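# Structural overview for review
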Amino acid sequence: MGQIEWAMWANEQALASGLILITGGIVATAGRFTQWYFGAYSIAAGVLICLLEYPRGKRKKGSTMERCGQKYLTTVVKLFGPLTRNYYVRAVLHFLLSVPAGFLLATILGTVCLVIASVIYLLAAIRGEQWTPIEPKPKERPQVGGTIKQPPTNPPARPPVEVRKKPSVDEEEAASAGGPQVNPIPVTDEVV
């Protein structure tokens, strides 16, 4: 069996925890909890985590399904270089971002999920994984002459002589006379 790529799991876990932090922060802030400022912090931290984790990294083997609109955020994440590429940095960053959100009941679930993502990122970093962007494959342009097909040079094949229908005597006479053909079935016109 192949090796598990832990970074893929950590990416999904961190993205989900960012969304959970945002939701918990909205609940805490809108509900006017006594420590509502931790809710506002959770909203900001959740948005930062979602922006960082939205672009998927490229897998070592196989193909990676790109998220919708990922290419725009990939360029932003690539700008930060080793800070976003290194999974040790992501593990520490996620752990540090989760600490303040742990002081509020509405954001505790997002905190636990983010700590789990941090542990998975640490495991991925220990195994030597790092984030690499999904680069778009260059489209192969078809050659202009290669798409235009030439017409066939040989005529279509004819059936063998034995299979071909031979004209009957009546058909030969009608064809040679040039007159109208006679319908063998009598037609009557009955108008009611």
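Placed above this text is the structure.
The following paragraphs examine the structure supplied in this document. Since the model is a prediction, treat every value here as computed from it, not as a measurement. (Residues numbered from 1 in each chain as written. Predicted model: local features only at pLDDT ≥ 70, side-chain atom pairs only at ≥ 80, totals over all residues. Heavy atoms only, no water.)

Over its 19 residues, helix α6 (residues 108-126) runs 27 Å from end to end, which matches the ideal 27 Å to within 8%, given 1.5 Å per residue. If you check which residues of α6 are buried, you get Gly110, Thr111, Cys113, Leu114, Ala117, Ser118, Ile120, Tyr121, Ala124 and Ala125. Residues of α6 that are buried in the fold lie against α1 (6-30), α2 (36-53) and α5 (87-101). (Helix = DSSP H or I, 4+ residues; strand = E, 2+ residues; numbered from the N terminus. Expected span 1.5 Å × (residues − 1). Buried < 20%, exposed > 50% of the residue type's maximum accessible area, 1.4 Å probe, protein only. Contact = heavy atoms within 4.5 Å.)

Our next topic: the packing of α1 against α2. Axis separation between α1 and α2 bottoms out at 7 Å; the angle between their running directions is 155°. For the element pair α1 / α2, the angle class is roughly antiparallel. Considering only the axes of α1 and α2, their crossing is left-handed. Packed against α1, whose contacting residues are Asn11, Ala14, Leu15, Gly18, Leu19, Leu21, Ile22, Gly25, Ile26, Ala28 and Thr29, the element α2 presents Trp36, Gly39, Ala40, Ser42, Ile43, Gly46, Val47, Ile49, Cys50 and Glu53 at the interface. When its residues are assigned to classes, the contact of α1 with α2 shows 13 nonpolar, 7 polar and 1 charged. (Axes fitted to C-alpha atoms, helices over the stretch in contact; angles between N-to-C directions. Parallel < 35°, antiparallel > 145°, perpendicular 65-115°, else oblique. Left-handed = near helix turned anticlockwise from the far one by under 90°. Nonpolar A, V, L, I, M, F, W, Y, C, P; charged D, E, K, R; others polar.)

Looking now at the nonpolar core. One finds Ala7, Ala10, Ala14, Val77, Tyr87, Ala91, Ala117, Ile120, Tyr121, Ala124, Ala125 and Trp131 forming the largest nonpolar core, which totals 12 residues. Among the elements of the structure, α1, α5 and α6 are those that each provide at least two residues to this core. In terms of residue count, the dominant contributor to this core is α6 (5 residues). In contact with alanine 124, other than residues within four places in its own chain, are Trp6, Ala7, Tyr87 and Glu129. Residues Leu21, Ile49, Leu97 and Leu114 belong to the second largest nonpolar core, which totals 6 residues. (Core = buried A, V, L, I, M, F, W, Y, C linked by side-chain atoms within 4.5 Å.)

As a further point, take the pattern of salt bridges. Think of it this way: side chains of opposite charge can pair up when their charged atoms draw near. By the definition in use, this model includes 3 salt bridges. For arginine 56, the salt bridge goes to glutamate 12, with nearest N and O atoms at 3.2 Å. Of this pair, arginine 56 sits in the loop between α2 and α3 (70-79) while glutamate 12 is found in helix α1, placing the two residues 44 residues apart along the sequence. The exposure class of arginine 56 is buried, given its relative accessible area of 19%. Salt-bridge contacts for glutamate 53 lead to arginine 90; the nearest nitrogen and oxygen are separated by 3.3 Å. (Salt bridge = Lys/Arg side-chain N within 4 Å of Asp/Glu carboxyl O.)

Function-wise, these values are silent; they only describe arrangement.
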